[in-house]
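# Residue-level structure breakdown
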Amino acid sequence: MTEIEKEKIRFWRCEGLGYKAIAARLHLSENTVKSFCRRNHLAGVAAAEPVLVCRNCGAPLEQAHKKKQRKFCSASCRYAWWNAHPELIDRRAFYPTVCAHCGREFQSYGNQKRKYCSHACYIAARFGRYGEHDGGAV
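Residues numbered from 1 in each chain as written. Predicted model: local features only at pLDDT ≥ 70, side-chain atom pairs only at ≥ 80, totals over all residues. Heavy atoms only, no water.

In this section: the overall build of the protein. Helices and strands together make up the secondary structure of the protein, namely 5 helices and 2 strands. Along the protein, from the amino end to the carboxyl end, the secondary structure elements read α-α-α-α-β-β-α. Buried positions account for 23% of the 138 residues belonging to the protein. In the protein, 27% of the contacts between residues at least 6 apart in sequence involve partners at least 24 apart. For the protein, the accessible area works out to roughly 10,100 Å², and carbon and sulfur atoms hold 51% of it. (Helix = DSSP H or I, 4+ residues; strand = E, 2+ residues; numbered from the N terminus. Buried < 20%, exposed > 50% of the residue type's maximum accessible area, 1.4 Å probe, protein only. Contact = heavy atoms within 4.5 Å. Areas by Shrake-Rupley, 256 points an atom, 1.4 Å probe, with all protein chains shown as cover.)

Turning our eyes to something else, we now look at the environment of K34. Assignment of secondary structure puts K34 in helix α3 (residues 30–39). Overall, K34 belongs to the partly exposed group, its relative accessible area being 21%. For the pair K34 and I22, spaced 12 residues apart in sequence, the C-alpha to C-alpha distance is 9.6 Å.

Right, let's get into α3. Among the residues of α3, V33, F36 and C37 are the ones counted as buried. Here the buried residues of α3 occupy an arc of 100° about the axis, which is enough to place them on one side. Residues of α3 that are exposed and angled more than 90 degrees away from the buried face: N31, R38 and R39. If you follow the buried residues of α3, they end up packed against α1 (3–14) and α2 (19–26). With a side-chain oxygen positioned 3.2 Å from the backbone nitrogen of N31, the residue opening α3 is S29. With its phi angle positive at about 60°, H41 sits one or two positions after the end of α3. (Arc of directions from axis to C-beta. Polar contact = N/O pair within 3.5 Å; in protein donor to acceptor, adjacent residues only side chain to side chain.)

Let us now look at the packing of α2 against α3. Closest axis-to-axis distance for the α2/α3 pair is 8 Å, and the angle between their directions is 120°. When you trace α2 past α3, the crossing you get is right-handed. Facing α2, whose interface residues are Y19, K20, I22 and A23, α3 presents E30, V33, K34 and C37. (Axes fitted to C-alpha atoms, helices over the stretch in contact; angles between N-to-C directions. Left-handed = near helix turned anticlockwise from the far one by under 90°.)

Turning our attention to the side chain of E5. Topologically, E5 is positioned in helix α1. For E5, which is buried and forms no salt bridge, the nearest opposite charge comes from K8, at a distance of 7.4 Å. A polar contact of 3.0 Å, which involves the side chain of E5, links it to the backbone nitrogen of T2. (Lys, Arg positive; Asp, Glu negative; His and termini not counted. Salt bridge = Lys/Arg side-chain N within 4 Å of Asp/Glu carboxyl O.)

The next point concerns the confidence of the model for the protein. Detailed conclusions should not be drawn from predicted coordinates in areas where pLDDT is low. On average, residues of the protein score 83 in pLDDT, and 88% of them are at 70 or above. The model gives residues 133–138 a pLDDT under 50, and that stretch makes 2 contacts with residues more than four places away or in other chains. (pLDDT = per-residue confidence, 0-100.)

Note that strand β1 (residues 94–98) and strand β2 (residues 105–109) share 5 bridges and pair antiparallel. Counted as the bridge partner of F94 is Y109 from β2. Hairpin remark: β1 followed by β2, antiparallel, with 6 residues in the connecting loop; positive phi at G103, about 80°. (Pairing = 2+ DSSP bridges.)

The next subject is the nonpolar core. Ranked by internal contacts, the top residues of the largest apolar core, which has 18 residues, are I9, W12, I22, V33 and C37. If one sorts the elements of this core by residue count, α2 sits on top with 4 residues. Look past the residues within four positions of W12 in its chain and what remains in contact with it is L17, I22, R25 and L26. (Core = buried A, V, L, I, M, F, W, Y, C linked by side-chain atoms within 4.5 Å.)

See the structure below:
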């Protein structure tokens, strides 16, 4: 099991996911996930309790009654934590696309209507042949 997988298991257990759900997401055995959780004190009902400290800095959090539970003390802590853990972002919006200029296939994230694989292809399609410029600033 890699360090990234271990971090994902810790994250998802704190989110309240069960062993079977985590095992399915990581393509691991349910027993592997269960043993890791037991060894790292992530087992049982206690894992589903709300997070009471900031995930980034560890500062205590005040939870508002009948509102979404806070996981970070501030926006800067939230940004810092997600920048440090990009592998935990669930990216589903990848779209296979063909570049309108060079014809190469590429993956577009989050935008189904994207036409060009790069800024260079966009400039070439709009202003002339690829690699050609008029001598001025491009």
